[in-house]
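Examining the three-dimensional arrangement
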Amino acid sequence: MKEISKQYAEAVFALACECGREEPVMHDLELVQKAFTDNPEYMDFLVSPSVPRDERVASLGGVFAARVCEHVLSLVQLMCEKGRIGAFSSCVEEYKTLLHLRQAVVTADVTSAVELTKDQKSALIQKLEKMSARQVQLSCRVDPSLLGGMIVEMDGKIMDGSLRYRLRDVKEVMSQ
């Protein structure tokens, strides 16, 4: 399914690039994704084989035609028509990845023992941007089991500066 999502995302991304509307299309994709997330019964309706396909596709036009651009509406309708609307969220994530690559933006997933302050986030962004030579967006979450410190995952690399990790290192040294 991921490969299918990627193909749909690449197609709508190419259309958005032709029009110079990459950001607005991303906004519209997120709007549709939020609507699906907030209304799971609507998604059930869209995947239901008991509802005629034409009726499901037409309902998307009724719901989203005035709210999203034609590229996003066409994408959603096509995915519904082909029975692939369940992969829409994955398609949005693939589009976001393409947009970030084009903008030279990387997302750093940060897990910390406590909530980071605004100043700590700014300092971390500056260090990561210097390290990666790209713009960095943080995605932060708190995990109290870390005890202290943080774990940063970026570009498939993990930088573990958590207290739990450091204690494990000390334990290994002491057991030798």
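The structure contained in this document is the topic of the report that follows. Per-chain numbering applies: the sequence of each chain, read as written, is numbered from 1 onward. Two thresholds apply to this predicted model, a pLDDT of at least 70 for residue-level local features and 80 or more for giving and counting side-chain atom pairs, whereas whole-chain, interface and lining totals are computed over all residues. Side-chain metrics rest on all non-hydrogen atoms present in the structure, leaving aside hydrogens and water.

Here we look at the nonpolar core
Throughout, nonpolar core names a set of buried Ala, Val, Leu, Ile, Met, Phe, Trp, Tyr and Cys residues whose side chains join them through atoms within 4.5 Å. Exposure is judged per residue with a 1.4 Å probe applied to protein chains only, and the accessible area is read against the type maximum: over 50% gives exposed, under 20% gives buried, and values in between give partly exposed. Core analysis: the largest hydrophobic core is formed by 32 residues, its most contacted members being Phe36, Phe64, Ile85, Phe88 and Tyr95. To qualify as a helix, a DSSP run of H or I must reach at least 4 residues; to qualify as a strand, a run of E must reach at least 2; elements of each kind are numbered from the N terminus. Those elements that provide at least two residues to this core are α1 (2-19), α2 (22-38), α3 (40-47), α4 (53-64), α5 (70-81) and α6 (88-103). The contact criterion used is simple: two residues touch if any of their non-hydrogen atoms lie within 4.5 Å. Once you skip the residues sitting within four places of it in the chain, Phe64 turns out to touch Val32, Ala35, Phe36, Tyr42 and Leu73. In this structure, Val106, Leu116, Leu124 and Val136 belong to the second largest nonpolar core, which totals nine residues.

What to know about the packing of aromatic side chains
Only centres within 6.5 Å qualify two rings of Phe, Tyr or Trp (six-membered ring in Trp) as a pair; their planes then separate them into stacked at under 30 degrees, edge-to-face at over 60, and tilted for everything else. Summed over all chains, the structure comprises five aromatic pairs. What links up through ring pairs into an aromatic cluster is the set Phe36, Tyr42, Phe45, Phe64 and Phe88.

Some remarks on the sheet that holds strand β4 (residues 157-160)
In any sheet, the strands associate via hydrogen bonds between backbone groups, in a parallel or an antiparallel arrangement. Read from one edge to the other, the open sheet built from four strands follows the order β2-β1-β3-β4, with strand pairing classed as mixed. At either margin of the open sheet sits one strand with a lone partner, and together these are β2 (135-142) and β4. In this sheet, adjacent strand axes meet at a mean angle of 20° when their direction is disregarded. The pairing of strand β1 (residues 105-112) with β2 spans eight bridges and is parallel. DSSP-based pairing: two strands are paired if at least 2 bridges between them are found. Axis lines are fitted through C-alpha atoms, for helices just across the contact stretch, and the angle between N-to-C directions can take any value from 0 to 180 degrees.

Here we look at α3
By the burial criterion, the buried members of α3 are Tyr42, Met43 and Leu46. Down the axis, α3 shows its buried residues gathered within 100° of arc, on one side only. Among the exposed residues of α3, those oriented more than 90 degrees off its buried face are Glu41 and Asp44. Taken together, the buried residues of α3 touch α2, α4 and α5. Regarding the arc, it is the one traced by the directions from the helix axis to the C-beta atoms.

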